[in-house]
Amino acid sequence: RPKEAAAPPPKAHSSGNCAFVLLEQPFVPSVISEGIDNVLFRELGVGRVAKVLSPCMAAIKYLSQSHEGVPDTWLNDETQCCLVIDSGYSATHVVPTQNGGQPVSSAIRRLNIGGKVLTNILKECVTYRQWNMMDEFHIVNDAKEQLCFVSDRFDEEISKASKTRKGMRRYDREYVLPDFASTFRGSVRLPEPLKRKHEAEEMKKIEDEMDALNEERERAEVAEEAQQLVDDSEEAAANENAGNGSEKRPEPEPKKGKKRKRKSGKKKSVADDDDDNDAEENDSDEETDHQRLKRLKAEREAERRRREREAAEQQSLALSVERFAVSEVLFRPSDIGLGAGGVAEAVAESVAACDPHLRAAMYHNI
């Protein structure tokens, strides 16, 4: 067998012919920017470097796509304005852009609240109420990324939470901690009370569907019987009309056959027993709706008990109002003692710093 030819070595390219696109955040200190330039040009020997604000690239992508509920006239106007809210690890930036991605530098605003602050707040809440997670930043950060969200009716949700038992709220979830033996990342599951509630609703839905099917089947049977009666009456009328003009012929008497009498003391044959057993098996194979529903309930109950046994062996963090209360700090920094305004105030200040003829377009595309 001939040997396969070796792949040719890759062509060597000079780094001086390479172009490098660097995405950076606003307000980068000049010392850091000069250090990056030193690494790129002197150590790596890159020929060209383009520095672009990452929110500007997000604005270009947003304006190039169509969005549900946003009129095309807002996206394709002459100004090509877009205001990007970029929430990062240590800060949140509000960057207005125009002409398809050019930043309005004088209107950029910075809020010193980012993902790190939110993770630390969640870590303190969990440590105070459940487990000591002060040294588990990455686990709490993963729980935040999987579970936390922003509520547009914060006050209403808080008032409802005080009237509902914990574990029965629609947003209650449990974050299962990894054991670092079989799992290395946490997972999300429903609390047991909420899980049982959902299962009861599913069973009620199944029962309603079965009742509807039974009613539809009964209506179909009644309609079929009524149609059969109509057909029989029409056939009887046709036979009566046909028999009025002709003489009735005597119907032949059925032949009398000899009936075989079985002695009372005689046992059934093996063939008869097999036929009876086959008939009973055929009858038992047909599952009624009541038997099917009973079987489904038994399976659900067995599955619920199995999950309860597994859940008892796992450690988990129960998160309820923390899921949206933590992210509310972005809009109310005063909750943690910061005197600065939130995201809404930063957006208003940024738009107010733009030219008056661009403000309406900025508010349209955020």
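This report concerns the structure included in the present document. Please read these numbers as outputs of a predicted model, since none were measured by experiment.

About the thresholds
Residues numbered from 1 in each chain as written. Predicted model: local features only at pLDDT ≥ 70, side-chain atom pairs only at ≥ 80, totals over all residues. Heavy atoms only, no water. Salt bridge = Lys/Arg side-chain N within 4 Å of Asp/Glu carboxyl O. Helix = DSSP H or I, 4+ residues; strand = E, 2+ residues; numbered from the N terminus. Buried < 20%, exposed > 50% of the residue type's maximum accessible area, 1.4 Å probe, protein only. Core = buried A, V, L, I, M, F, W, Y, C linked by side-chain atoms within 4.5 Å. Contact = heavy atoms within 4.5 Å. Expected span 1.5 Å × (residues − 1). Pairing = 2+ DSSP bridges.

Moving on to the pattern of salt bridges. If you walk through the whole model with that rule in mind, you get 19 salt bridges. Arg109 serves as the salt-bridge partner of Glu349, at 3.9 Å between the closest nitrogen and oxygen. Placement of the pair is Glu349 in helix α11 (residues 343-352) and Arg109 in strand β6 (residues 109-111), with a sequence separation of 240 residues. Look at Glu349 and you get partly exposed, because its relative accessible area is 47%. Taking relative accessible area as the criterion, Arg109 reaches 25% and is therefore assigned partly exposed. Close ionic contact of Glu157 with Arg153 constitutes a salt bridge, the shortest N to O distance being 4.0 Å. Judged by its relative accessible area of 6%, Glu157 falls in the buried class. Since its relative accessible area comes to 41%, Arg153 is described here as partly exposed.

In this structure, Met133, Tyr175 and Met362 are the most contacted members of the largest nonpolar core, which totals 31 residues. When residues of this core are traced back to their parent elements, those giving at least two are α4 (115-129), α5 (137-147), β9 (316-319), α11 and α12 (359-364). Every residue in contact with Met362, bar those within four places of it in the chain, is listed here: Cys81, Cys82, Leu83, Pro96, Thr97, Val104, Val351 and Cys354.

Moving on: α4. Between its first and last C-alpha, α4 extends 21 Å over 15 residues, near the 21 Å set by a 1.5 Å rise per residue. Of the positions making up α4, those classed as buried are Gly115, Leu118, Thr119, Ile121, Leu122, Lys123 and Val126. Buried residues in α4 make contact with α5, β9 and α10 (322-325).

What follows deals with the pairing of strand β4 (residues 92-98). Within β4, six of the seven residues are buried, which leaves the element mostly enclosed by the surrounding structure. Taken together, the six bridges between strand β3 (residues 82-87) and β4 define a ladder with antiparallel strand orientation. Looking at the pairing, Val84 lines up with Val95 of β4. The loop that links β3 with its antiparallel partner β4 comprises four residues. Between the antiparallel neighbours β4 and strand β5 (residues 102-103) lie three residues, among them Asn99 with a positive phi of about 55 degrees.

By themselves, these figures tell us nothing about what the structure is for.
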